[in-house]
Amino acid sequence: MAHDYDVAIVGGGFAGVYMLHRLRELGLSARVFEAGSGIGGTWFWNRYPGARCDIESLEYSYQFSDELQQQWHWTERYATQPEILRYVNHVADRFELWDGIQLNTRVQAATYRDEDNGWLVETSSGGVSARFCVMATGCLSSTNLPDFKGLDSFAGDWHHTGAWPHEGVDFTGKKVGVVGTGSSAIQSIPIIAEQAEQLYVFQRTPNFSVPAHNGPLDPEKEEMVKGDYQHFRDEARKLVFGAHFRNRDELADEATPEELQREYDERWAYGGLPFLGAFGDLLYSRDANATAADYIRDKIHHAVEDSETAELLSPDSIVGCKRLCVDTNYYETYNRPNVTLVNVCDNAIAEILPAGLATTDGQTYELDAIVFATGFDAMTGALHKVDIRGKSGLSLKEKWADGPRTYLGLATADFPNLFIVTGPGSPSVLSNMLPSIEQHVVWISDCIDYMSKNHLQAIEPTVQAEDEWVSHVNEVAGETLYPSCNSWYLGANVPGKPRVFMPYLGFPPYVAKCDEVAAKGYEGFAFAN
Ligand code: NAP
């Protein structure tokens, strides 16, 4: 039976947009279904004040077209959300992709049909059939809004950072509460503080943050990178996070106090996530990590005038175990007279009241607006929003009831011809997302092309390959400090979510494995003719 499309692509973020382009280049028909009224995925929804990328612009960008990367000019070292959104729209214009993208269309269900080895994709505006279904739904796109009692009764406005109103929000003269102190909060708090009459930050757990030292993009750096962009990309491909974090092999456990100080000072002055590359054992040895934690705590105490507030802002945890934050004036913001840090670790938020919120110790806070910077149902949340059914009607949710199971984060047994871009079990959020997305898009489209040329109807991983990969992902994570804290990498931020470490650490070995699997005729996958 003929299908409407070779490939149905769910999601119009950076993954869906490039997937469409790449499939068209191979002469295949594809259509992107996007719930939003525009493309860009996470960069379409996360419009909160101060939203910007924590990976440098020169490498948080597509590399599939040298002309594109040469001609596009980023204005800042770390691009703002509006600039990233302009960029992805430019890509869609430049490669004439719009006629393949269906906006305002939410995919509700995707069902595998044994009879024609294809997928029936049901959307808010009707159903389509396709040989393949590619889930390009993103890792951080399903917002997590805790079930706060009384939220419906709140008389003011409330917003989640991950679903921010397009028209923006004016906090001028308002009493504002921000719930959460992760990356989204840490970026937005300094800006909201400048507008609000009074800002209360409700902190359950403090996070480590490193200054971004953002500014206009250095023209010399731009010229140097653009002089040999391929080399710059090739270098990044060999690095553990797929980005230039200037990783060193030297061990903090073996460094003298002077060496530690010198290296951390240099990294702090440089700014951003490369702080984690200071020593090779920071994510492996508690003692090594403690040297970095002590350093940042000391910085917090220097930045924050009130010692009690500084102490409350100082994490007693492992640097990088929860994603390290990157900020502009975050800690300094607590020196403003209109900013108050509220500890909701001991006294949790009990309920939202019509005029504010109350904590369990009976304290009430009068608020005109609340910002929930409470994160995401990461990696699996967006997949589970679609009722995905594989062979014999098996639902993905049922199959993954104890945590996600994939082979290479790309596919899962019993769901033939279904691919996931940057799925659980792939480097995804532990890597620079853009190169990870491109690597997956190329791998998936090459696989589809291989199947077409070899008249193969269906592909799915073997259960054995999947089991071995899941064990391997856990084993690699188990050697690090990552599983030791309640992070969203583990699903620990969403009540009832199974605790499984979801991303794979190590971009270079992962890429090598994917290449090897393809070179061996898609080893670990089974085909049906
Ligand atoms: P997040 O890191 O998951 O932080 C959520 C915050 O909400 C945490 O502080 C959490 O406290 C708090 N929270 C959740 N439920 C709560 C409750 N019931 N009461 C009080 N506090 C509660 O989410 P995020 O800040 O949106 O960041 C998620 C990820 O998105 C980041 O790690 C990063 O990968 C990405 N991101 C990147 C950028 C960037 O590129 N610059 C910017 C924003 C986000 P607990 O820690 O106690 O759970």
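Attention in this report is confined to the structure presented alongside it. Keep in mind it's a predicted model, so treat the numbers as computed, not measured. (Residues numbered from 1 in each chain as written. Predicted model: local features only at pLDDT ≥ 70, side-chain atom pairs only at ≥ 80, totals over all residues. Heavy atoms only, no water.)

**Side note on the overall build of the protein chain**
Logical step 1: A count of helices and strands for the protein chain gives 15 helices and 20 strands.
Logical step 2: Judged by the C-alpha coordinates and their principal axes, the protein chain covers about 70 × 55 × 45 Å.
Logical step 3: Long-range pairs, those at least 24 residues apart, make up 71% of the contacts in the protein chain with a sequence separation of at least 6.
Logical step 4: Across the protein chain, the mean location of the 41 positive side-chain charges is 3 Å away from that of the 74 negative side-chain charges. (Helix = DSSP H or I, 4+ residues; strand = E, 2+ residues; numbered from the N terminus. Contact = heavy atoms within 4.5 Å. Lys, Arg positive; Asp, Glu negative; His and termini not counted. Charge placed at Lys NZ, Arg CZ, Asp CG, Glu CD.)

**Thoughts on empty space enclosed by the protein**
Logical step 1: Evaluated as defined, the whole model comprises five cavities of 30 Å³ or more.
Logical step 2: Computed from the structure, the largest cavity encloses a volume of approximately 140 Å³.
Logical step 3: Looking at the largest cavity, it is lined by 14 residues, and the ones nearest its centre are Phe241, Phe245, Leu273, Arg323 and Val429.
Logical step 4: For the lining of the largest cavity, the per-class residue count stands at ten nonpolar, three polar and one charged.
Logical step 5: There is about 90 Å³ of room inside the second largest cavity.
Logical step 6: Pro404, Arg405, Thr406, Pro424, Gly425, Trp469, Val470, Val473, Asn474, Val500, Phe501 and Met502 are the residues that line the second largest cavity. (1 Å grid on protein atoms, 1.4 Å probe; cavity = no way out; pocket = protein on both sides within 12 Å on 5 of 7 lines; lining within 4 Å. Points joined across faces, edges and corners; volume = space filled by probe spheres on them. Nonpolar A, V, L, I, M, F, W, Y, C, P; charged D, E, K, R; others polar.)

**Some points on unusual backbone geometry**
Logical step 1: Even without glycine at this site, Arg246 takes up a positive phi of about 50 degrees.
Logical step 2: Relative to the elements of secondary structure, Arg246 occurs in the loop between helix 7 (229-237) and helix 8 (257-270).
Logical step 3: Notably, Ser392 is not glycine yet its phi reads approximately 50 degrees, a positive angle.
Logical step 4: Structurally, Ser392 can be placed in the loop between strand 17 (387-389) and helix 12 (396-399).

**Structural notes on the sheet that holds strand 14 (residues 356-359)**
Strand pairs in the sheet, formed through backbone hydrogen bonds, run parallel or antiparallel to each other.
Logical step 1: Reading across the sheet, the three strands line up as 13-14-15 and stay open at both edges, with antiparallel pairing between neighbours. One side of each edge strand has no neighbouring strand; the edge strands of this open sheet are strand 13 (349-353) and strand 15 (364-366). Each strand of the sheet is rotated relative to its neighbour by a mean of 20 degrees, with strand direction disregarded. (Pairing = 2+ DSSP bridges. Axes fitted to C-alpha atoms, helices over the stretch in contact; angles between N-to-C directions.)

**A look at the environment of Ser395**
Logical step 1: Mapped onto the fold, Ser395 is located in the loop between strand 17 and helix 12.
Logical step 2: Along the chain, Ser395 and Arg94 lie 301 residues apart, while their C-alpha atoms are 38 Å from each other.
Logical step 3: Beyond its immediate chain neighbours, meaning those up to four positions away, Ser395 contacts Asp387, Ile388, Arg389 and Phe415.

**Quick word on the state of the cysteines**
Logical step 1: Summed over all chains, the structure comprises one disulfide.
Logical step 2: For Cys325, which is in no disulfide, the shortest distance to another cysteine sulfur is to Cys485 and amounts to 12 Å.
Logical step 3: With a relative accessible area of 1%, Cys325 lands in the buried category.
Logical step 4: No disulfide involves Cys447; its sulfur sits 11 Å from the nearest other cysteine sulfur, which is in Cys514.
Logical step 5: Judged by relative accessible area, which is 0%, Cys447 ranks as buried. (Disulfide = S-S within 2.5 Å. Buried < 20%, exposed > 50% of the residue type's maximum accessible area, 1.4 Å probe, protein only.)

**Describing the site of the ligand**
Logical step 1: Around the ligand, 23 residues are found, and the nearest of them are Ser184, Gln187, Thr205, Lys322 and Arg323.
Logical step 2: Within the contact set of the ligand, an oxygen atom lies 3.1 Å away from a backbone nitrogen or oxygen of Asp54.
Logical step 3: At a separation of 2.9 Å, an oxygen atom of the ligand approaches a polar backbone atom of Ser183.
Logical step 4: Among the elements that line the shell around the ligand, the one with the most residues is helix 5 (residues 183-195), at three residues. (Near = heavy atom within 4 Å. Polar contact = N/O pair within 3.5 Å; in protein donor to acceptor, adjacent residues only side chain to side chain.)

**Some thoughts on the pattern of salt bridges**
Logical step 1: Here the structure, examined in full by the defined rule, presents 22 salt bridges.
Logical step 2: With its nearest N and O atoms 4.0 Å apart, the salt bridge here joins Arg248 to Glu250.
Logical step 3: The class for Arg248 is partly exposed, based on a relative accessible area of 25%.
Logical step 4: Judged by its relative accessible area of 42%, Glu250 falls in the partly exposed class.
Logical step 5: With a shortest N-O distance of 3.1 Å, Arg389 and Asp387 are connected by a salt bridge.
Logical step 6: Taking relative accessible area as the criterion, Arg389 reaches 28% and is therefore assigned partly exposed. (Salt bridge = Lys/Arg side-chain N within 4 Å of Asp/Glu carboxyl O.)

**Things to note about the packing of helix 8 against helix 9 (residues 286-303)**
Two quantities define a packed helix pair, namely the angle between the helix axes and the distance between the axes.
Logical step 1: Where helix 8 meets helix 9, the closest approach of the two axes is 11 Å, and the angle between their N-to-C directions is 55 degrees. With respect to helix 9, the axis of helix 8 lies oblique. In this structure, helix 8 meets helix 9 at a crossing whose hand is right-handed. Taking contact as the criterion, the partners of Leu260, Gln261, Tyr264, Asp265 and Trp268 in helix 8 are, on helix 9, Ala288, Thr291, Ala292, Tyr295, Ile296 and Lys299.
Logical step 2: For the contact of helix 8 with helix 9, the per-class residue count stands at seven nonpolar, two polar and two charged. (Parallel < 35°, antiparallel > 145°, perpendicular 65-115°, else oblique. Left-handed = near helix turned anticlockwise from the far one by under 90°.)

**Examining the side chain of Thr123**
Logical step 1: Within the secondary structure, Thr123 is located in strand 5 (residues 118-123).
Logical step 2: With relative accessibility at 7%, the residue Thr123 sits in the buried group.
Logical step 3: For Thr123, the side chain forms a polar contact with the main-chain nitrogen of Ser125, separated by 3.0 Å.
Logical step 4: Separated by 2.7 Å, the side chain of Thr123 and the backbone oxygen of Gly126 make a polar contact.
Logical step 5: Once residues lying within four places of it in the same chain are set aside, the contact partners of Thr123 are Phe33, Thr105, Arg106, Val107 and Gln108.

**Observations regarding the sheet that holds strand 16 (residues 369-372)**
Logical step 1: As summarised here, the arrangement of the five strands in space is 7-16-8-9-12, forming an open sheet in which the pairing is parallel. Each edge of the open sheet carries a strand with a single partner, namely strand 7 (157-160) and strand 12 (339-343). Within the sheet, the average angular offset between the axes of one strand and its neighbour, ignoring direction, is 20 degrees.

**Looking at the side chain of Ser426**
Logical step 1: Along the polypeptide, Ser426 turns up in the loop between strand 18 (418-420) and helix 13 (433-453).
Logical step 2: In this structure Ser426 touches Leu408, Gly409, His440, Met502, Pro503, Tyr504 and Tyr510, once residues within four positions along its chain are discounted.

**Considerations on helix 8**
Logical step 1: With 14 residues, helix 8 should reach 20 Å at 1.5 Å per residue; the first-to-last C-alpha distance of 20 Å fits that figure.
Logical step 2: On its buried face, helix 8 sits against strand 10 (209-211) and helix 9.
Logical step 3: Where helix 8 ends, the next residue or the one after it, Gly271, has phi of about 90 degrees, a positive value. (Expected span 1.5 Å × (residues − 1).)

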